[in-house]
Amino acid sequence: MRAKIERKGTDITITAYSRAVQHAVEAAEILSKDGIEAEVINLRSLRPLDIECILRSVKKTNRAVNVEECWPTCGIGAEISARIMEGAFDYLDAPVERVSGADVPMPYAANLEALALPT
């Protein structure tokens, strides 16, 4: 399955999947008010990962942020960051940033879950 570009942009690439896509689109809209045009990529599939789409976008924007609700350690964000560093390092103007959940066991209580997920 191929990734889908949810929003075209020229200044930064934001990758996300599942519910985090909506958060990424909302963040891109907020950034656009400040004159920053973010390209939002909906990964749609983690395996296979459409790394070609991600690399094309990063080579265009020169910046990358991965948004996920998973843990930062050993998550898909870590894999995407590594793959961007391997395939587009010379194009990056800044390190890849990751927005993820807290590195804690995911709580079952709704009020604690809200504290573990990125906002």
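Scroll up a little and you will see the structure.
Everything numeric in this text was worked out from a predicted model, so none of it was measured.

Analysis parameters
Residues numbered from 1 in each chain as written. Predicted model: local features only at pLDDT ≥ 70, side-chain atom pairs only at ≥ 80, totals over all residues. Heavy atoms only, no water. Buried < 20%, exposed > 50% of the residue type's maximum accessible area, 1.4 Å probe, protein only. Helix = DSSP H or I, 4+ residues; strand = E, 2+ residues; numbered from the N terminus. Contact = heavy atoms within 4.5 Å. Salt bridge = Lys/Arg side-chain N within 4 Å of Asp/Glu carboxyl O.

Draft legend 1. Fine view of helix α2 (residues 51-61). Every buried residue of α2 is accounted for by I51, C53, I54, L55, S57, V58 and T61. Residue N62 follows α2 closely and has a positive phi angle near 70°.

Draft legend 2. The arrangement of the environment of V21 in detail. By the element assignment, V21 lies in helix α1 (residues 20-33). Note on V21: relative accessible area 9%, which makes it buried. Each C-alpha atom of the pair V21 and V40 lies 7.8 Å from the other, and the pair is 19 residues apart in sequence. With residues up to four places along the chain from it excluded, the contact list for V21 reads E6, A16 and N42.

Draft legend 3. Quick peek at the pattern of salt bridges. Counting across every chain of the model gives 7 salt bridges. Of the charged contacts, one joins E6 and K4 as a salt bridge, the two residues approaching to 3.9 Å between their closest N and O atoms. By relative accessible area, which is 33% here, E6 ends up partly exposed. The salt bridge involving E39 is made with K60; its shortest N-O contact spans 2.6 Å. You can see E39 sitting in strand β3 (residues 38-42) and its partner K60 sitting in helix α2, a full 21 residues away along the chain. Taking the relative accessible area as the measure of exposure, E39 reaches 2% and is therefore buried. Owing to a relative accessible area of 41%, K60 belongs among the partly exposed residues under this scheme.

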